[in-house]
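Next come the chains, spelled out residue by residue.
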Number of protein chains: 2
Amino acid sequence: MTQLLKGKEVADALTEKLQSQVKEMKEKGIAPCLAIIRVGENPSDLSYERGALKRAEKVGITVRQYVYDEAIDQETLIGDLEGINQDDSIHGVLIFQPLPKQIDDGAVRKVLKPEKDVDGITEGSLCGVFSASHRGFAPCTARACMEILNYYGIDPAGKRAAVLGRSLVIGKPAAMMIMEKNGTVTVCHSKTGEARMMEICKESDIILAAMGRAGMIDSRYLTGSQIVIDVGINVDQHGNLCGDVDFESASRLCEAITPVPGGVGAVTTAVLMLQVVEAAQQEMF
Amino acid sequence: MTQLLKGKEVADALTEKLQSQVKEMKEKGIAPCLAIIRVGENPSDLSYERGALKRAEKVGITVRQYVYDEAIDQETLIGDLEGINQDDSIHGVLIFQPLPKQIDDGAVRKVLKPEKDVDGITEGSLCGVFSASHRGFAPCTARACMEILNYYGIDPAGKRAAVLGRSLVIGKPAAMMIMEKNGTVTVCHSKTGEARMMEICKESDIILAAMGRAGMIDSRYLTGSQIVIDVGINVDQHGNLCGDVDFESASRLCEAITPVPGGVGAVTTAVLMLQVVEAAQQEMF
């Protein structure tokens, strides 16, 4: 019987743990606070923001919203971000990207302090993930995958993992984090070729699918013993949300699998709050 | 017949190319210059420095040596490094590490500009390698492996590579660079287990051995079709220099192999000069 790795359970457990941590922190005079910087009204930004606000409220984290018109100039945005860097009452910052074309995303990222970079977008955070130095923070979705494995008692140590996709927001950081947990990771990508990718997936214990190709991974990639983490968020030809994994097919031939929706995506805002709390805790010491 | 991938040939070809590039640059008024910062008289630092000086002279690169007594304090060293950062006539910096214990290596690394970090030790360089953004420079030994593959016409694209070792100076950056060249990389390490590592090596087309274990890789890891790059520098029980690969055994069952000595190690100073020239070229534009 294939185990369903539900994101909601992971998010709920994280939320509960964070609630009591935040309560304790507030008793010591620290109120964890997240700044959300959004330019314009991109529907997917708004949707993620609503989820983050709801999660923050549950956990007891204060959110300060910085909302700007599409026409904002880079100097104003960077000036405000510098102010946020200086403001000890703000512990974490989420900046929706990409920013409008008059603004250089890279220049903005450069300003943000890695210590407040709870969404893992700065050079300091990326280097922290690459070197396992724990400076800054990992991208939330990559860490959400790790939190799912952790919650369900799946230890990557001594296991083989196939990470499908080599993006800086998921594939590469997830590979580094699995490696840090002593897993043996193979990173596959568009140039790996289908036959070879099937072979590698079949040899693996954990498959993390983050290629951005709807329903690509099916039972042909599996032998029955894999744990499948589906990071994909795509829309299929019928207009339905679907992952990079063909759930119907794959779930028949694996040990455990995350659904889409209700899998990795359900954990990201909880991870964002976890990282805000960690950022605030670092301030305490 | 197993092909011997000689480092000297690669270094000679690089040196020749660099000679004409440096000549052209000097005609345009740019004289590439490397600063070498050495604290104390560590024999292996001195040996590497001699090699670098010789190579620099061949190529036509000026070297400015900063040699300090073991007792140097951090402020002086950092002050000098800040001066080097500002000095437009110096394009690259090599700092021998570890530094004496009164000096915080991390604090020193933080000061160095990634644009002059031709040995790939700064956060900016590491992030550049991780993100393939080409900011800063890769660690010289990792890039030396890539230059050997390149010289002998071995394109990682579509191939499987096993990188053995996950250090920040070789394993991880080499994995990223092979991935950037569209190879499919598996990173093995001490927790992978011998049987599994053998299996992964046998499935691979390229093996990059950087575990730091003398003669560990032998014919049991091979099928006859592998290209073996040996990054190890160890001393065996007879006091002889040897790699991570048991050359006798492995060379009978692979397609191509680098010797030790005379393999990867013979290419590093040429790569250092290559990166100094690249740093100087960036200044030209």
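Note that the structure is predicted; figures quoted are calculated from it, not measured. Counting of residues starts from 1 at the beginning of each chain's written sequence and follows it residue by residue. All chains are assigned letters beginning with A, and all ligands numbers beginning with 1, in the order in which they are written. Given that this is a predicted model, residues contribute local features only at a pLDDT of at least 70 and side-chain atom pairs are listed and counted only at 80 or more, while totals for whole chains, interfaces and linings are drawn from all residues. Side-chain measures were taken over the full set of non-hydrogen atoms in the model, leaving aside hydrogen atoms and water.

Details of the side chain of Thr184 of chain B
Then step 1. Helix and strand assignments follow DSSP, with helices taken as H or I runs no shorter than four residues and strands as E runs no shorter than two, numbered in order from the N terminus. Residue placement: Thr184 of chain B occurs in strand S6 (residues 184-188).
Then step 2. Relative accessible area decides the class of each residue, using a 1.4 Å probe on protein chains only: under 20% of the type maximum gives buried, over 50% gives exposed, and in between gives partly exposed. Here Thr184 of chain B falls in the buried class, since its relative accessible area comes to 0%.
Then step 3. Counted as a polar contact is a pair of N or O atoms within 3.5 Å, where, for protein atoms, one must be capable of donating a hydrogen and the other of accepting one, and residues adjacent in sequence contribute only when both atoms are in side chains. Side-chain polar atoms of Thr184 of chain B contact the side chain of Thr192 of chain A, separated by 2.8 Å.
Then step 4. Here, two residues are considered to be in contact whenever any of their heavy atoms come within 4.5 Å of each other. Residues within four places of Thr184 of chain B in sequence aside, it is in contact with Thr186, Val187, Cys188, His189, Thr192 and Ile200 of chain A together with Lys159, Arg160 and Ala161 of chain B.

Details of the nonpolar core
Then step 1. Ranked by size, the top nonpolar core spans 122 residues in total, and within it Leu208 and Ile229 of chain A together with Leu208 and Ile229 of chain B carry the most contacts.
Then step 2. Ignoring any residue separated from it by four or fewer positions in sequence, one finds Ile229 of chain B in contact with Leu5, Cys145, Ile148, Leu149, Ile207, Leu208, Ala209, Thr258 and Val264 of chain B. For the purposes of this section, nonpolar cores are sets of buried Ala, Val, Leu, Ile, Met, Phe, Trp, Tyr and Cys residues that join through side-chain atoms within 4.5 Å.

Some words on the interface of chain B and chain A
Then step 1. Contacts between the two partners involve 33 residues from chain B and, on the opposite side, 33 residues from chain A.
Then step 2. Carbon and sulfur atoms make up 55% of the area that chain B and chain A hide from each other, which totals about 3,000 Å².
Then step 3. Salt bridge criterion: a side-chain nitrogen from Lys or Arg within 4 Å of a carboxyl oxygen from Asp or Glu. Linking chain B with chain A are eight salt bridges.
Then step 4. Its salt-bridge partner being Arg160 of chain B, residue Glu203 of chain A comes within 3.6 Å of it at the nearest N-O pair.
Then step 5. At the boundary of chain B and chain A, one finds 21 residue pairs in polar contact (both at pLDDT 80 or more).
Then step 6. Counting only elements with at least two residues in the side of chain B that touches chain A, the list comes to helix H5 (123-131), helix H7 (171-180), S6 and helix H8 (194-203) of chain B.
Then step 7. For the side of chain B that touches chain A, the leading source of residues is H5 of chain B, giving seven residues.
Then step 8. Polarity classes work like this: nonpolar for Ala, Val, Leu, Ile, Met, Phe, Trp, Tyr, Cys and Pro, charged for Asp, Glu, Lys and Arg, and polar for all others, with Gly in that last group. Residue composition of the side of chain B that touches chain A, grouped by class: 13 nonpolar, nine polar and eleven charged.
Then step 9. Pairing analysis gives three bridges linking strand S6 (residues 184-188) of chain A to S6 of chain B, with the strands arranged antiparallel. Bridge pairing in S6 of chain B places Val185 of chain A opposite Val187 of chain B. Using a 1.4 Å probe, buried area is obtained as the accessible area two parts lose upon being combined, added over both of them. What makes two strands pair is DSSP finding at least two bridges between them.

Regarding the relation of the copies chain B and chain A
Between the two copies of the chain lies a rotation about an axis combined with a shift along it.
Then step 1. Overlay of chain B on chain A (RMSD 0.0 Å): rotation 180°, translation along the axis 0.0 Å. Such values leave the two copies arranged in the relation of a two-fold axis. If distances are taken from each C-alpha of chain B to the rotation axis, the shortest is found for Thr186 of chain B, at 2.0 Å.
Then step 2. Most of the interface of chain B is mirrored in chain A, where 100% of its interface residues are also at the interface. Least-squares fitting of one copy onto the other uses the C-alpha atoms of those residues that reach a pLDDT of at least 70 in both copies.

Examining the sheet that holds S6 of chain A
Then step 1. Taken in spatial order, the twelve strands make up an open sheet running S1(A)-S11(A)-S8(A)-S7(A)-S5(A)-S6(A)-S6(B)-S5(B)-S7(B)-S8(B)-S11(B)-S1(B), and their pairing is mixed. Each edge of the open sheet carries a strand with a single partner, namely strand S1 (3-4) of chain A together with strand S1 (3-4) of chain B.
Then step 2. In this structure, S1 of chain B lies alongside strand S11 (residues 256-257) of chain B, joined through two bridges in parallel fashion. From the neighbouring strand, Leu4 of chain B faces S11 of chain B, where its bridge partner is Ile257 of chain B.
Then step 3. In the packing of helix H6 (residues 140-151) of chain B onto the sheet, contacts are made with strand S7 (206-209) and strand S8 (227-230) of chain B, and the angle to S8 of chain B comes to roughly 145°. Lines fitted to C-alpha atoms define the axes, with helix axes restricted to the stretch in contact, and inter-axis angles between N-to-C directions lie between 0 and 180 degrees.

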